[in-house]
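Here is what each chain is made of, one letter per residue.
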Amino acid sequence: MRHLASNLVSLLVVTLVVLAGVLAWGRFEFYRKGPLDTSLEFVIARGETLGPISERLEARGAISSAAIFRIGVRSLDRETDFKYGEYELQAGSSMDAVLDALTSGHGIIHWVTIPEGFTVAQVIARLMETDQLEGEATDIPLEGTLAPETYAISRGESRQSVIDRMKEAQDAILEEAWSNRKTDLPLESPSEVLILASIVEKETGVGSERAEVAAVFANRLRRGWPLQSDPTVVYGLTLGQDILGRGLTRSELDKETPYNTYLIRGLPPTPIANPGRAAIEATVQPNDSGNMYFVADGSGGHVFAETLDQHNRNVAKWRRIEQENGNR
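All values derive from a computational prediction rather than experimental measurement.

J.: What exactly am I supposed to notice about helix α6 (residues 159-179) here?
T.: One full turn of an α-helix is made of 3.6 residues, so residues set three or four places apart face in the same direction. The end-to-end C-alpha separation of α6 is 31 Å, in line with the 30 Å expected for 21 residues at 1.5 Å each. Considering only its buried residues, α6 is in contact with α5 (120-128), β4 (150-154), α7 (190-203) and α11 (277-284).

In C-alpha cells form, the structure reads like this:
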C-alpha cells in the first residue's frame, strides 16, 4: 500500500508538472508574435461566436491554434466581447493583440460620397451599390432632406442608418441657416428655403455664383415673376428618377407639370434635389442685387443682368458661342 501511495504521489507530481508546462506553453503561444507576414482584413459577422471566429482566424493564418485562442479568450472572460465589423489585423499580431483588435469596436472605416445636387433616388442607388452596407432603404425620405457629404461608414452598417444620419445632418444645416436668414427674404419657412436652395444647387456649380443666382430668384419671387428654371422642368419630367442627359425641347418647356416654373409662379411643390450647405447658406443670404436674369457665359459660369435688354444681348452672345462650338 505504501508503495502504491508513493507511485500515486509521483504520478500526481508528474501530472502537475506536465500541466504547468502545458499552461506555460499555451500562455507563451497566446502572447508571442503571431504568424501573419502582412496585415489582414478580417470580418466578424453580426452574432458570430468564438468558435467560428477562432476557426476562421486559424484558417486564414492569423493565429497558430484555434484551440489555444479559445482557451485564452475564455480564461480572460472575454468570450462575449467580440463586435461585428471589419478589422485590420497587423502583421505579427499575437493572439492577445488579435483579441484586442476584434473586441475594440474600432473597425476599418470606409467612405461613401454623396455629391451635391443628387436626388433621393440617386442617393439610394449610390448606397445600394456600396458593398460595405447592408439592408434596404426602409424609410424613403422626402426630396431635398438629405445632406450631400462624404460619410464614414463601417462594414455591416445598415443603409437606413446612413440615410437617417444624412437626414439629421440636413435638418441641422437647415435649422442653422433659417436662424441666420436675411430679414427681407421672400421665403416663409425652412421648407421653402430647401426648395429654392435645390434650384440654386442645380442651376450653378460655381461656388462664387450661388449667392447671385439666389438673388435673381429672390428678386423674381418678390415681383411675382416665374422663376423660369430649366432644372425644375427636368425634374417635372423625371421626378428625380432618371438623368435627362440632353437639352429640353420646346414641347417639354411647354408641358404642364407642377414643377414647370415657366408656367407656374412661385416655388414648385418640393425640392428638385438635395442641396448642399453652401447652396442653402447662399439662399438665406443672397447678394444685395438688382439682377433679374442670368444665362450661361460659355466658360462654365453665368452672366447676370438687371434689364431684359441686357439679358437679350447676353443671350445673343451665348447663342453665338453655342454655334461656334457646334461648328468646331
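What follows picks up the thread again.
J.: Explain the nonpolar core here, please?
T.: Soluble, globular proteins show a tendency: their nonpolar side chains are buried together. Core analysis: the largest hydrophobic core is formed by 42 residues, its most contacted members being L127, M166, V193, L196, F217 and I280. Elements with a minimum of two residues in this core: α5, β4, α6, α7, α8 (210-223) and α11. Setting aside chain neighbours within four positions, we find L196 in contact with L187, F217, L221, L227, L267 and T283. In this structure, L50, L57, V73 and Y87 belong to the second largest nonpolar core, which totals 21 residues.

J.: How should the packing of helix α3 (residues 66-75) against helix α4 (residues 95-103) be read in this particular structure?
T.: Here α3 crosses α4 at 65 degrees, and the two axes come no closer than 10 Å. Regarding α3 and α4, the two cross each other, and that crossing is right-handed. Contacts between α3 and α4 involve I68, F69 and V73 from the former and M95, V98 and L99 from the latter. Each residue belonging to the contact of α3 with α4 can be placed in one class, and the counts come to six nonpolar, no polar and no charged.

J.: Looking at this model, I keep getting lost on the packing of α7 against α11. Mind explaining?
T.: Helix-helix packing is described using two parameters, namely the angle between the two axes and the distance between the axes. At their nearest, the axes of α7 and α11 sit 8 Å apart, and the two run at 115 degrees to each other. In this structure, the crossing between α7 and α11 has a hand that is right-handed. Contacts between α7 and α11 involve V193, L194, L196, A197, V200 and E201 from the first element and A279, I280, T283 and V284 from the second. Classifying every residue of the contact of α7 with α11 gives eight nonpolar, one polar and one charged.

J.: So what exactly am I meant to see when it comes to the confidence of the model for the protein here?
T.: Keep in mind that low pLDDT regions are not for reading the predicted coordinates in detail. Per-residue confidence for the protein gives a mean pLDDT of 89, with 91% of residues at or over 70. No element of the protein has a lower mean pLDDT than helix α1 (residues 2-31), at 57, and none a higher one than α11, at 98.

J.: Which parts of the structure should I look at to understand unusual backbone geometry?
T.: Comment: phi is negative for the bulk of residues other than glycine, and the bulk of peptide bonds are trans. Of note in the backbone geometry, Q228 takes a positive phi value of approximately 50 degrees without being a glycine. On the secondary structure map, Q228 appears in the loop between α8 and α9 (230-238). With relative accessibility at 37%, the residue Q228 sits in the partly exposed group. At L239, a position not held by glycine, the phi torsion is positive, near 55 degrees.

J.: How should I be thinking about the layout of surface pockets in this particular structure?
T.: Rolled over the atoms, a probe sized like a water molecule indicates the empty space that remains. Taken as a whole, the largest pocket spans an internal volume of roughly 820 Å³. Lining the largest pocket we find 26 residues, and of these Q228, D230, Y262, F294 and V295 sit closest to its centre. Among the elements of the structure, α7, α8, α9, α10 (250-254), β5 (293-296) and α12 (308-326) are those that each provide at least two residues to the lining of the largest pocket. Considering each element in turn, the lining of the largest pocket owes the most residues, five residues, to α12. Of the volumes computed, that of the second largest pocket is approximately 390 Å³. Lining the second largest pocket are 17 residues; nearest its centre among them are K202, P231, V234, I243 and L244. In terms of residue count, the dominant contributor to the lining of the second largest pocket is α9 (five residues). Its residues assigned to classes, the lining of the second largest pocket comprises seven nonpolar, six polar and four charged.

Conventions we followed
Throughout this document, residue positions are counted from 1 along each chain, in the order its sequence is written. In view of the model being predicted, local features appear only for residues whose pLDDT reaches at least 70, and side-chain atom pairs are presented and counted only at 80 or more, with totals across whole chains, interfaces and linings using the full set of residues. Processing note: side-chain calculations cover all non-hydrogen atoms of the structure and skip hydrogens and water entirely. Per the convention used, a helix needs a DSSP run of H or I reaching at least four residues, while a strand needs a run of E reaching at least two, with both numbered from the N terminus. The span you would expect from a helix comes to 1.5 Å times its residue count less one. Any two residues whose heavy atoms approach within 4.5 Å at even a single point are treated as in contact. Nonpolar core, defined: a set of buried Ala, Val, Leu, Ile, Met, Phe, Trp, Tyr and Cys residues in which side-chain atoms within 4.5 Å join the residues together. Using a 1.4 Å probe on the protein chains alone, a residue whose accessible area is under 20% of its type maximum counts as buried, one over 50% counts as exposed, and one in between counts as partly exposed. Axis definition: a line fitted to C-alpha atoms, limited for helices to the stretch in contact. Angles are taken between N-to-C directions and run from 0 to 180 degrees. Whether a crossing is left-handed or right-handed is set by the direction in which the near helix is turned from the far one by less than a right angle, anticlockwise for left-handed and clockwise for right-handed. Gly is put with the polar residues, along with every residue not named as nonpolar or charged; the nonpolar set is Ala, Val, Leu, Ile, Met, Phe, Trp, Tyr, Cys and Pro, and the charged set is Asp, Glu, Lys and Arg. Each residue carries a pLDDT score, the predictor's confidence in it, ranging from 0 to 100. Cavity and pocket criteria rest on a 1 Å grid covering protein atoms alone: a 1.4 Å probe that fits but cannot get out defines a cavity, protein on both sides within 12 Å along at least 5 of 7 lines defines an open pocket, and an atom within 4 Å of a point defines a lining residue. Grid points are joined across faces, edges and corners, and a volume is the space filled by probe spheres set on the points.

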